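Per-entry structural report
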Amino acid sequence: MELCIRLWNALNSLPEIQGRRVDAHLILGKSYREIARNEGVDKSVVRRSVLCGIESMKKYLRKNL
């Protein structure tokens, strides 16, 4: 349970759009293409945003563990 709380806090530490994209891709299982289509942006923008968000979450978790 504690790990879930830490992951939730890491996700919530991201900027709103990036957090929404990470959530949609990792938790809801949506593809980059699907997210991009819903947001009206290029798939590469979503992919970069998700990957950067995951890296930010890793840094957050390392710092706060």
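Preceding block: the structure.
This section reports on the structure supplied with the text. Small disclaimer: the values here were computed from a predicted structure and weren't measured. (Residues numbered from 1 in each chain as written. Predicted model: local features only at pLDDT ≥ 70, side-chain atom pairs only at ≥ 80, totals over all residues. Heavy atoms only, no water.)

**Focus: the nonpolar core**
Judged by nonpolar contacts, Ala10, Leu11, Leu14, Val22, Ala24, Tyr32, Ile35, Ala36, Val46, Val50, Met57 and Leu61 together constitute the single largest core of 12 residues. Of all the secondary-structure elements, those providing two or more residues to this core are α1 (2-12), α2 (16-27), α3 (32-39) and α4 (43-63). If you tally residues by element for this core, the top one is α4, at 4 residues. (Core = buried A, V, L, I, M, F, W, Y, C linked by side-chain atoms within 4.5 Å. Buried < 20%, exposed > 50% of the residue type's maximum accessible area, 1.4 Å probe, protein only. Helix = DSSP H or I, 4+ residues; strand = E, 2+ residues; numbered from the N terminus.)

**Some thoughts on a positive patch on the surface**
Residues Arg33, Arg37, Lys43 and Arg47 make up a contiguous surface patch of positive charge. Those elements that provide at least two residues to the positive patch are α3 and α4. Residue position: Lys43 is located in helix α4. Among the residues examined, Lys43 registers a relative accessible area of 38% and is labelled partly exposed. (Patch = residues over 30% accessible without salt bridge, like charges linked within 9 Å, V, L, I, M, F, W, Y side chains within 5 Å. Areas by Shrake-Rupley, 256 points an atom, 1.4 Å probe, with all protein chains shown as cover. Salt bridge = Lys/Arg side-chain N within 4 Å of Asp/Glu carboxyl O. Lys, Arg positive; Asp, Glu negative; His and termini not counted. Charge placed at Lys NZ, Arg CZ, Asp CG, Glu CD.)

**Brief notes about the pattern of salt bridges**
Scanning the model with the defined rule gives 4 salt bridges in all. For Arg6, the salt bridge goes to Glu2, with nearest N and O atoms at 2.6 Å. Separated by 4 residues within a single helix, Arg6 and Glu2 lie in helix α1, roughly one turn from each other. For Arg6, a relative accessible area of 29% puts it in the partly exposed group. For the salt bridge of Glu55 with Lys58, the shortest nitrogen-to-oxygen distance reads 3.4 Å. One end of the pair, Glu55, and the other, Lys58, are both in helix α4, 3 residues apart, so they sit about a helical turn from each other. Here the salt bridges share partners, and the residues they tie into one network are Arg20, Arg21 and Glu39.

**Re α3**
An α-helix turns once every 3.6 residues. As a result, residues three or four positions apart point the same way. When we look at burial in α3, the residues that qualify are Tyr32, Ile35 and Ala36. Each buried residue of α3 sits inside an arc of 100° when the element is viewed along its axis, so together they form one side. Of the exposed residues in α3, the ones pointing more than 90 degrees away from its buried face are Arg33, Arg37 and Asn38. In this fold, the buried residues of α3 make contact with α2 and α4. Within two residues after α3, Gly40 carries a phi angle of roughly 75°, on the positive side. (Arc of directions from axis to C-beta. Contact = heavy atoms within 4.5 Å.)

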